[in-house]
Amino acid sequence: MSAAELTPPEAARWAARAGLVLPAERHAAVAAVADHIHSVVAALRELDFADVPPAAAYRAAEEHHDAAV
């Protein structure tokens, strides 16, 4: 998908390509949601995770709780 916004007819075409039946009244809503998801993913791609270990490095059993309630 390019940086341009997804149009309702393109949303319908992509849905059909995926084998999904998309009623005509839903084309605009699906296009808007797809554009929103695309913008969120674009923002996440800009984050710098250089100092964050991969999720596989986390061990919940080894976590120590030292806070008093």
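Per chain, the residues get numbers from 1 upward, laid out in the order the sequence is written. The predicted origin of the model limits local features to residues at a pLDDT of at least 70 and limits the giving and counting of side-chain atom pairs to 80 or more, whereas totals for whole chains, interfaces and linings rest on all residues. Only hydrogens and water are set aside; all other atoms, that is, all heavy atoms of the structure, feed into the side-chain values.

Participant: For the overall build of the protein, give the residues involved together with the corresponding values.
Facilitator: When you go through the protein residue by residue, the secondary structure sums to 2 helices and 0 strands. Expected size for 69 residues packed as a compact globule is a radius of gyration near 11 Å; at 20 Å, the protein overshoots this value by more than 25%. Reported as C-alpha extents along the three principal axes, the dimensions of the protein are approximately 55 × 25 × 25 Å. A burial count over the protein gives 10% of its 69 residues as buried. The helix count covers DSSP runs of H or I at least four residues long, the strand count covers runs of E at least two residues long, and both are numbered beginning at the N terminus. Computation of the radius of gyration draws on C-alpha atoms, with the globule rule given as 2.2 Å multiplied by the number of residues to the power 0.38. When accessible area is computed with a 1.4 Å probe and restricted to protein chains, residues below 20% of their type maximum are described as buried, those above 50% as exposed, and intermediate ones as partly exposed.

Participant: Which residues make up helix H2 (residues 27-45), and what are the values?
Facilitator: Across its 19 residues, H2 extends 27 Å between first and last C-alpha, which sits within 8% of the 27 Å expected from 1.5 Å per residue. Inspection of H2 places His27, Ala31 and Asp35 among the buried residues, and these make up the whole buried set. The buried residues of H2 occupy one face: seen down the axis, they fall within an arc of 70°. Contact between two residues is taken to exist if any of their heavy atoms lie within 4.5 Å; hydrogens are not considered. On its buried face, H2 is in contact with helix H1 (8-17). Expected span of a helix, by definition, is 1.5 Å for each gap between consecutive residues, and there is one gap fewer than residues. The directions from the helix axis to the C-beta atoms form the arc being described.

Participant: How would you summarise a nonpolar patch on the surface if you had to cite specific residues and measurements?
Facilitator: What goes into a patch is any residue over 30% in relative accessible area without a salt bridge, connected to like charges within 9 Å or, for nonpolar side chains (Val, Leu, Ile, Met, Phe, Trp, Tyr), within 5 Å. Method for areas: the Shrake-Rupley scheme with a 1.4 Å probe, in which residue coverage is limited to the protein chains shown. Any carboxyl oxygen of Asp or Glu that lies within 4 Å of a side-chain nitrogen of Lys or Arg is treated as forming a salt bridge with it. A contiguous nonpolar patch, built from Val40, Leu44, Leu47, Phe49 and Val52 and spanning about 460 Å² of accessible area, is present on the exposed surface. For Val40, a relative accessible area of 38% puts it in the partly exposed group.

Participant: Break down the environment of Leu44 for me, with residues and values.
Facilitator: Tracing the backbone through its elements, the reader meets Leu44 in helix H2. With a relative accessible area of 49%, Leu44 lands in the partly exposed category. Distance in space between the C-alpha atoms of Leu44 and Ala57 is 21 Å, their sequence separation being 13 residues.

Participant: Explain the side chain of His27 to me, and be specific about the residues and the numbers.
Facilitator: Among the secondary structure elements, His27 is positioned in helix H2. Judged by relative accessible area, which is 18%, His27 ranks as buried. Among the polar contacts made by the side chain of His27, one reaches the main-chain carbonyl oxygen of Leu22 at a distance of 3.2 Å. When near neighbours in sequence (up to four residues on either side) are disregarded, His27 contacts Pro8, Ala11, Ala12 and Leu22. A 3.5 Å cut-off defines polar contacts: any pair of N or O atoms within that distance qualifies, except that in protein one atom must be a possible hydrogen donor and the other a possible acceptor, and neighbouring residues in sequence count only when both atoms are side-chain atoms.

Participant: Explain H1 to me, using residue names and the numbers behind them.
Facilitator: Among all positions of H1, only Ala11, Ala12 and Ala15 are buried. Looking down the long axis of H1, one finds its buried residues gathered within 100° of arc, a one-sided arrangement. H1 presents Pro9 and Arg17 as exposed residues on the side facing more than 90 degrees away from its buried surface. Looking at the buried positions of H1, the neighbouring elements they touch are H2. A positive phi of about 85° marks Gly19, the residue just after H1.

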